[in-house]
Amino acid sequence: MSLLDVKNVKKIYTTRFGGSQVQALADVTFSVEPREYVAIMGESGSGKTTLLNILASLDKPTSGRVLLKGRDLSTIKDREMAAFRRQNLGFVFQDFNLLDTFSLEDNIYLPLVLAGKKYEEMKQCLNPIAQQLGITDLLKKFPYEVSGGQKQRAAVARALITKPQLILADEPTGALDSRASDDLMNLFNTINQNGQTILMVTHSVKAASSANRVMFIKDGQVFHQIYRGNQTNEEMYQKISAALAVLSTGGEQ
Ligand SMILES: Nc1ncnc2c1ncn2[C@@H]1O[C@H](COP(=O)(O)OP(=O)(O)OP(=O)(O)O)[C@@H](O)[C@H]1O
Ligand SMILES: [Mg+2]
């Protein structure tokens, strides 16, 4: 069984005033198998964040279906949804979504607190992740006291701390310099090899070339996919660059 099945998902936003409509997703269909590592690329405004929000059930599709572990998300009751999301998903938001009145540490603990874990257990989960992300010395600081890249790494730690089966990451390297970005991609590769499934939106060809599959979104649909097979990161890099060149020519944006 696929971990994730996305079937003919369409999303139309209706603006509050004037009633004009924006079609963010036209017809998106794909599946993700357990232990896959998929990068999603596409121009700004092509619907990538919309898609991730729907997969995380933070937003509802206008039509179409999303099944996670065979379960249709639309059939999960609102009061069950928070627990279902917490048990299965880690989400790294494009704008980090850290709470300003919480220290980085408390932000990272949040999903564990909500799951009712004990402090000692939480601490044991945090230490190795904080170390891998290089934020151990920043844990007592507040989001407004640290840089964008440091906030981003705290947001990644918060998504990883529950060891979710599926990680949805929206531009997780967007605020990072090249070294921090390489470190994060190495961490993603490690957790993926240890069995976690990753779906990562990225504008970075380098970041995408460490995934096992790259999916390109254009005009609200899956336009093209590249599978790694036994290609090296360098070969993936070349193929992704070529695909992006095709994607941007003839586009209406
Ligand atoms: N809440 C909303 N209401 C109305 N339109 C929206 C809303 N959210 C997104 N859109 C529109 O839907 C389209 C897709 O937006 P989305 O944020 O999914 O793009 P994206 O691919 O994530 O872009 P980026 O790479 O810039 O993050 C855009 O045209 C956007 O303006
Ligand atoms: Mg986006």
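Everything numeric in this text was worked out from a predicted model, so none of it was measured.

## Focus on the coordination of the magnesium ion (ligand 2)
Six octahedral donors around a metal ideally subtend angles of 90 or 180 degrees, whereas four tetrahedral donors ideally subtend 109.5 degrees.
Okay, step 1: Around the magnesium ion (ligand 2), the protein contributes the donor atoms Thr-49 (OG1) and Gln-94 (OE1), which lie 2.0 to 2.4 Å from the metal centre. Taken together, the positions of Thr-49 in helix α1 (residues 48-55) and Gln-94 in the loop between β6 (89-92) and α3 (104-114) put the pair 45 residues apart, joining distant regions of the chain.

## What about the packing of α3 against helix α4 (residues 119-133)?
Axes are the key here: two packed helices are described by the angle between their axes and the distance separating the axes.
Okay, step 1: One way to put it is that α3 packs onto α4 with a least axis distance of 10 Å and a crossing angle of 120 degrees. With respect to α4, the axis of α3 lies oblique. For the pair α3 and α4, the sense of crossing is right-handed. Mapping the contact onto sequence places Glu-105, Ile-108, Tyr-109, Leu-112 and Val-113 in α3 and Tyr-119, Met-122, Lys-123, Cys-125 and Leu-126 in α4.

## Quick word on the packing of aromatic side chains
Okay, step 1: Here the structure, examined in full by the defined rule, presents four aromatic pairs.
Okay, step 2: Their ring planes at 65 degrees and their centres at 6.4 Å tell us that Tyr-37 and Phe-188 sit as a pair that is edge-to-face. With Tyr-37 in strand β3 (residues 37-41) and Phe-188 in helix α6 (residues 178-193), this residue pair connects regions lying 151 residues apart in the sequence.
Okay, step 3: Between the aromatic rings of Phe-91 and Phe-93, the centroid separation amounts to 4.3 Å while the plane-to-plane angle is 25 degrees, which identifies the pairing as stacked.
Okay, step 4: Here the basic side chain of Lys-218 rests over the ring of Phe-223, its NZ or CZ set 5.9 Å away from the ring centre.

## Let's talk about the site of ligand 1
Okay, step 1: Surrounding ligand 1, one finds 13 residues, the nearest of these being Ser-44, Gly-45, Lys-48, Thr-49 and Thr-50.
Okay, step 2: In the environment of ligand 1, an oxygen atom lies 2.9 Å from a nitrogen or oxygen atom belonging to the side chain of Gln-94.
Okay, step 3: Burial of ligand 1 by the protein amounts to 63% of the accessible area it has alone, namely 640 Å².
Okay, step 4: For the shell around ligand 1, the secondary-structure elements that each account for two or more residues are β2 (21-32) and α1.
Okay, step 5: If one sorts the elements of the shell around ligand 1 by residue count, α1 sits on top with three residues.

## A few points about helix α2 (residues 78-88)
Okay, step 1: Taken residue by residue, α2 has Met-81, Phe-84 and Asn-88 as its buried positions. Taken around the axis of α2, the buried residues stretch over an arc of 75 degrees, which confines them to a single face. Residues of α2 that are exposed and point more than 90 degrees away from the buried face comprise Arg-79 and Gln-87.
Okay, step 2: Summarising the contacts, the buried residues of α2 are in contact with β4 (63-68), β5 (71-72), β6 and β7 (166-170).

## A word on the environment of Gln-196
Okay, step 1: Along the chain, Gln-196 falls in the loop between α6 and β8 (197-201).
Okay, step 2: Note: C-alpha distance between Gln-196 and Ile-167 (29 residues apart in sequence) is 7.4 Å.
Okay, step 3: For Gln-196, the residues in contact, after removing those within four places along its chain, are Arg-35, Glu-36, Lys-163, Pro-164, Gln-165, Ile-167 and Ile-191.
Okay, step 4: At 2.9 Å, the side chain of Gln-196 forms a polar contact with the backbone oxygen of Pro-164.

Thresholds, definitions, all that
- Numbering of residues starts from 1 in each chain and follows the order in which that chain's sequence is written.
- By the order in which they are written, chains take letters starting at A while ligands take numbers starting at 1.
- Owing to the predicted nature of the model, reporting of local features is limited to residues with pLDDT of at least 70; listing and counting of side-chain atom pairs is limited to 80 or more, with chain, interface and lining totals taken over all residues.
- Side-chain measures here rest on the full set of heavy atoms in the structure, leaving out hydrogens and waters.
- Coordinating donors are taken to be N, O and S atoms lying within 2.8 Å of the metal, or within 3.2 Å when the metal is Na, K or Ca; because water is excluded from the atom set, some sites may appear incomplete.
- Working definition: helices are DSSP H or I runs of at least four residues, strands are E runs of at least two. Numbering for both runs from the N terminus.
- Angles run from 0 to 180 degrees between N-to-C directions of axes, and those axes are lines fitted to C-alpha atoms, restricted for helices to the stretch in contact.
- Note that the term roughly parallel is reserved for angles under 35 degrees, roughly antiparallel for angles over 145, roughly perpendicular for angles of 65 to 115, and oblique for everything else.
- We call a crossing left-handed when the near helix sits turned anticlockwise from the far one by less than a right angle, and right-handed when that turn is clockwise.
- In this analysis, two residues are considered to be in contact whenever any of their non-hydrogen atoms come within 4.5 Å of each other.
- Each pair of aromatic rings taken from Phe, Tyr and Trp, with Trp reduced to its six-membered ring, is defined by centres within 6.5 Å and is described as stacked if the planes are under 30 degrees apart, edge-to-face if over 60, and tilted in the remaining cases.
- Counted as over-ring charges are cases with an Arg CZ or a Lys NZ within 6 Å of the ring centre that also lie within 35 degrees of the ring normal.
- When at least one non-hydrogen atom of a residue lies within 4 Å of a molecule or strand, that residue is treated as near it.
- In the analysis that follows, any N or O atom pair within 3.5 Å is treated as a polar contact, provided that within protein one partner can donate a hydrogen and the other can accept it, and provided that, for residues neighboring in sequence, both atoms belong to side chains.
- Exposure was quantified through the Shrake-Rupley algorithm and a 1.4 Å probe, taking into account, for residues, occlusion by the shown protein chains and nothing else.
- Remark: exposure states derive from per-residue accessible area (1.4 Å probe, protein chains only) relative to the maximum for the residue type, with buried under 20%, exposed over 50%, and partly exposed in between.
- Comment: arc refers to directions from the helix axis out to C-beta atoms.

None of this, on its own, says anything about what the molecule does.
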